[in-house]
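# Observations on chain architecture
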Amino acid sequence: MNTIQAAVMARAGGGIELRIDEFPAPDLQPGAVLLKTIYSEVCGTDVHLMHGRLDQVPYPIIPGHVSVGKIEEIAGAVTDIHGRRFRSGDTVTFLDVHETCNACWHCLVAKASTRCPHRKVYGITYSAREGLLGGWSQRIYLKPGVKIVALPEGLTAEDFIAGGCGAPTGLHAVERAAVRLNDFVVVQGGGPVGLSAALFSLLGGAGAVVVVDPAPSRITAARTLGVDFTVDAASPAERISAVMDLTGGRGADVTIEASGNPGAVVEGLQMTRDNGTYAIAGQYTDAGDMTLNPHRHINKKHIDIRGVWGTDFSHLYKAVQLMARHMDRYPLKRMISKVYPLKEAEAALSDVEHRRVVKAVIAPNQDR
Ligand SMILES: [Zn+2]
Ligand SMILES: [Zn+2]
């Protein structure tokens, strides 16, 4: 293959445009891997990128941070965390975060590697001028040191991408929320992050899981995954009272916010029981402020509030293993609403933005 097609988000005259560009086939540095893309996902972050809502994005970029593909070329010996050598033809995914330094204050003292200032993210903080460093491309260039994970036996590319970046993020949220056996868990938002958080809460032994979302397509997806209850009421007061009714008037042991709406935070705090835990995973971009009452909503409730920022390798690795292990119980691929060829990337973005689909994926090597 001499030229490679990729969707490029370029800043043009103040706005952002999406177009298909051709790139030359890259030469591999020692330790690099070239992936033939099978699927790359379209998520809310890509919508934010399209509207220029993230800071310090080096447009033009090739979007697509979570992807799966087949290894086409390897320069030298590249091994996984168990020391097993990757081979051409392996179906793999990789951690989109690269260049976490393990040498700065954040990495070594705060032990908050997801806040490392040196980290780079495929599809977000690499420029298209630096190469094929995003998933909406027929090939993805995995730089030396990118953390690659082979999909375990039985987990298909389709199953994996159905979880997409929501899976490691949802798993991270459940870890931060410290869901315990028999906990009553409320998940605010039935998008990919919320559905994954619901799934991993069930696997973690939750006594009951409730997904709260007014969008019918998301409620249907939550039911497909087998959550115990869904709440689709339109007003915050109705949603809070629905959760109170389900918990004997006490509120949830754990509430996980995955809605992206700042107003959901004050609502979620009211859905959580005294001495419960509230984890915030859905505020990845600055969507604005909200008003809360520190006495009533936090202090008097003796509540534990936790932020969930980004993901590290452990979240991706564990999510992949758990998806493979529990594939039969949780038909993840039914969460994919639509597969788009590269040239329909713009339609995919618009469908995600307007919540016409739960999960959209791009198949850069398919024509239709
Ligand atoms: Zn660092
Ligand atoms: Zn994402």
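Given the structure is predicted, the values throughout are model-derived calculations rather than measurements. (Residues numbered from 1 in each chain as written. Chains lettered and ligands numbered in written order. Predicted model: local features only at pLDDT ≥ 70, side-chain atom pairs only at ≥ 80, totals over all residues. Heavy atoms only, no water.)

A tally of helices and strands in the chain yields 11 helices and 17 strands. Computed over the C-alpha atoms, the radius of gyration of the chain is 20 Å, within 12% of the 21 Å expected from 2.2 N^0.38 for a compact globule of 368 residues. Across its three principal axes, the chain shows a C-alpha extent of roughly 65 × 45 × 40 Å. Every one of the 368 residues in the chain was classed for burial, and the buried ones make up 53%. By sequence separation, contacts in the chain at least 24 residues apart represent 68% of the contacts at least 6 residues apart. For the chain, the accessible area works out to roughly 16200 Å², and carbon and sulfur atoms hold 48% of it. (Helix = DSSP H or I, 4+ residues; strand = E, 2+ residues; numbered from the N terminus. Rg over C-alpha atoms; globule rule 2.2 N^0.38 Å. Buried < 20%, exposed > 50% of the residue type's maximum accessible area, 1.4 Å probe, protein only. Contact = heavy atoms within 4.5 Å. Areas by Shrake-Rupley, 256 points an atom, 1.4 Å probe, with all protein chains shown as cover.)

With that settled, consider the sheet that holds strand β11 (residues 208–212). Read from one edge of the open sheet, six strands run β12-β11-β10-β13-β14-β15, paired in parallel fashion. Every interior strand has two partners, whereas the edge strands, β12 (229–231) and β15 (304–307), have only one. Sheet twist, expressed as the average angle between the axes of neighbouring strands with direction ignored, equals 20°. The sheet contact formed by strand β14 (residues 272–280) and β15 spans four bridges and is parallel. Within β15, the position partnered with T277 by the bridge is D304. Strand contacts of helix α6 (residues 216–224): β11 and β12, with the helix running at about 170° to β12, the strand carrying the most contacts. (Pairing = 2+ DSSP bridges. Axes fitted to C-alpha atoms, helices over the stretch in contact; angles between N-to-C directions.)

The next subject is the packing of aromatic side chains. Scanning all chains against the criterion turns up four aromatic pairs. With a centroid separation of 5.1 Å and 70° between ring planes, the pair formed by F94 and Y122 is classed as edge-to-face. Of this pair, F94 sits in strand β5 (residues 91–94) while Y122 sits in the loop between β7 (120–121) and β8 (139–142), and the two are 28 residues apart along the sequence. Relative accessible area serves as the criterion here: at 2%, F94 is assigned to the buried category. Here Y284 and W309 contribute two aromatic rings whose centre-to-centre distance is 4.9 Å and whose plane-to-plane angle is 20°, an arrangement assigned as stacked. Of this pair, Y284 sits in the loop between β14 and α9 (294–299) while W309 sits in the loop between β15 and α10 (313–325), and the two are 25 residues apart along the sequence. Judged by its relative accessible area of 34%, Y284 is partly exposed. (Phe/Tyr/Trp six-rings, centres within 6.5 Å; stacked < 30°, edge-to-face > 60°.)

This part is about helix α5 (residues 192–203). Given 3.6 residues to a turn, an α-helix orients residues that are three or four positions apart in the same direction. Between the first and last C-alpha of α5 there are 16 Å, a value that for 12 residues agrees with the 16 Å anticipated at 1.5 Å per step. Burial of α5 is extensive: 10 of the 12 residues sit out of reach of the surface. Taken together, the buried positions of α5 are P192, G194, L195, S196, A197, A198, L199, F200, S201 and L202. Phi for G205, located one or two positions after α5, is positive at around 95°. (Expected span 1.5 Å × (residues − 1).)

Quick look at the domain arrangement of the chain now. In terms of domains, the chain is made up of domain 1 (3–164 + 331–362) and domain 2 (166–307). The gap between the C-alpha centroids of domain 1 and domain 2 is 28 Å. With both sides pooled, the region where domain 1 packs onto domain 2 buries about 1300 Å², and carbon together with sulfur makes up 63% of that total. If you sort the residues of domain 1 by the area they bury against domain 2, M335, R355 and V358 come out on top, with a joint share of 43%. Applying the counting rule to domain 1 against domain 2 returns zero salt bridges. (Domains from an automatic or database assignment. Buried area = accessible area lost by both parts, 1.4 Å probe. Salt bridge = Lys/Arg side-chain N within 4 Å of Asp/Glu carboxyl O.)

Right, let's get into unusual backbone geometry. With omega at 0°, the peptide bond leading from Y59 into P60 counts as cis. Assignment of secondary structure puts P60 in the loop between α1 (44–50) and β4 (67–74). For N275, which is not glycine, the phi torsion reads 65° and is therefore positive. Mapped onto the fold, N275 is located in strand β14.

Next up on the list: the coordination of the zinc ion (ligand 2). Protein coordination at the zinc ion (ligand 2): the donors are C43 (SG), H65 (NE2) and C165 (SG), at 2.0 to 2.2 Å from the metal. All donors of the zinc ion (ligand 2) come from a single chain, and their spacing in sequence reads C-x21-H-x99-C. One end of the pair, H65, is in the loop between α1 and β4; the other, C165, is in the loop between α3 (157–163) and α4 (166–177), and 100 residues separate them in sequence. Both residues of the pair, H65 and C165, count as buried. (Donors = N, O, S within 2.8 Å, 3.2 Å for Na, K, Ca; no water.)

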